Amino acid sequence: MKRIFNLSLCVLSAALLLAACGKQEPKTTAAAEPKVYLVGAEATFAPFEYQNEQKEIVGFDVDVMNAIADKAGFKIKFVNTPFEGIFNFLAQGDRDLLASAITITDERKQTVDFSEPYFEANQLIVVPKDSKVAKFADLKNMKVGVQSATTGDEIVQKELGKSNPNIKRLESATLVMKELEGGGVEAVVSDNGVIKNYIKNNPSEGFRFIADPEFPKEYYGIAVKKGNAELLAKVNQGLAAIKADGTYDKIYAKYFADTAK
C-alpha cells in the first residue's frame, strides 16, 4: 500500500508540474507610441518663429505646421535650430522636417524636397528714415547687414560681390537689426514679413523700408529629407486640407491682418 501510495503521489506531482509548465500567462502587448517628428525652426525670426516668455517656440510657421500635422494625423515637436546649418540637421536625421520661413530655390531643391508653397514673400531694404537710399542699387558702396545663408544674403552678394567686406553677416535677423540700431551697418536686407513686423513693433527706432521691384517673389516651403516621399505626401495632404477649410486663412490673418498676400 505504501508503495502504491508513493507511486500515486509521484504521478500526481508530475501531472501538476506538467500543468504548471504548460500554463501560459496571457500576453499583454503595449500599443506602440506614435512617432513624433522633430521640426527644425530658427526661433529668432518673428513673426514666423520666435520664443515667448515661457521659452516656447511660437509663430506663424508653428501654427501652420501644427494645423498641417493635425489634419494629416501625425505628431510633431519643434526644436530651435540655427538657420546656418539647418539643412545639415535634416540631412543627418537630427530633424525630420524644417519649417522656418525657408524660401524654395533650385539650389536647395538639389539637397531637400519641398512641400507645396505656403507663403509668398520678398526682400525689403531697411534704412533710417533720413537715409537717401531709394532703391537696391543705392547700397552699392554701403555697409549692409544680412542674416547668414538666407536669400537676402544671396541677393546682396550678387549686387555687392560675394567677398565684399561691406557685407556684414550675422546669425539671426534680430542681431542684424540690432546692428542697424547701433550704426554698425547703414542698411539691412531681409524678408518682408520680418521687416514689417519689426518696424511695426519698434516705431521709436525711426526706420523705414523700401520695396525694390528688382527683388523677385519668393515662396516658402516645408522641407523634408531628399527622397522622403511618404512624409512629404502627409505634409502636402495637411497643407491642402487647411487651405481648403479656411484654417490657413485664419492663421494668416492672425499674424498678417494688415499685410496683403
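Structure's up top.
Model, not experiment: these values are computed from the prediction.

Asks: How should I be thinking about the nonpolar core in this particular structure?
Replies: If you look at soluble globular proteins, the nonpolar side chains tend to sit buried side by side. Counting 39 residues, the largest nonpolar core has Phe-60, Met-65, Phe-74, Leu-97 and Phe-119 as the members making the most contacts within it. Per element, the largest residue contribution to this core is 8 residues, and it comes from helix H2 (residues 60-72). Sequence-distant contacts of Phe-74, defined by excluding residues within four places in its chain, comprise Tyr-37, Met-65, Ile-68, Ala-69, Leu-97, Lys-234 and Val-235. Counting residues in hydrophobic clusters, the runner-up holds 16 residues, among them Phe-136, Val-144, Ile-167 and Phe-215.

Asks: I keep staring at helix H5 (residues 151-160) and nothing clicks. Help me out?
Replies: An α-helix turns once every 3.6 residues. As a result, residues three or four positions apart point the same way. Burial runs high along H5: 8 of the 10 residues are buried. Of the residues making up H5, those classed as buried are Thr-151, Gly-152, Asp-153, Ile-155, Val-156, Gln-157, Glu-159 and Leu-160. Packed against the buried residues of H5 are helix H4 (106-109), strand E9 (123-128), strand E10 (144-147), strand E11 (167-170), strand E12 (187-191) and strand E14 (218-220). Backbone geometry just after H5 places Gly-161 at a positive phi near 105°.

Asks: Where do I start with the pattern of salt bridges in this structure?
Replies: Oppositely charged side chains can form a pair if their charged atoms are brought close together. Within the structure shown, the criterion is met by 9 salt bridges. Of the charged contacts in the structure, one is a salt bridge between Asp-63 and Lys-254, with a shortest N-O distance of 2.9 Å. Separated by 191 residues along the polypeptide, Asp-63 in helix H2 and Lys-254 in helix H9 (residues 247-256) bring together distant segments of the chain. When its relative accessible area of 22% is taken as the criterion, Asp-63 is described as partly exposed. Linking Arg-169 and Asp-153 is a salt bridge whose minimum nitrogen-to-oxygen distance equals 2.9 Å. Here Arg-169 is found in strand E11, whereas its partner Asp-153 is found in helix H5, with 16 residues between them in sequence. A relative accessible area of 31% places Arg-169 in the partly exposed class.

Calculation criteria
Think of each chain on its own: its residues are numbered from 1, step by step along the sequence as written. Since the coordinates come from a predicted model, pLDDT governs what is reported: local features require at least 70, and pairs of side-chain atoms require 80 or more to be given and counted, while whole-chain, interface and lining totals use all residues. With hydrogens and water excluded, all non-hydrogen atoms of the structure serve as input to the side-chain values. To define a nonpolar core, start from buried Ala, Val, Leu, Ile, Met, Phe, Trp, Tyr and Cys residues and group those joined through side-chain atoms within 4.5 Å. Each residue is placed in one exposure class: buried if its accessible area under a 1.4 Å probe, protein chains only, is under 20% of its type's maximum, exposed if it is over 50%, and partly exposed if it falls in between. Elements are defined by DSSP. Helices are runs of H or I of four residues or more, strands are runs of E of two residues or more, and each kind is numbered from the N terminus. Two residues form a contact once any of their heavy atoms are found within 4.5 Å. Just to be clear on terms, a salt bridge is a Lys or Arg side-chain nitrogen sitting within 4 Å of an Asp or Glu carboxyl oxygen.

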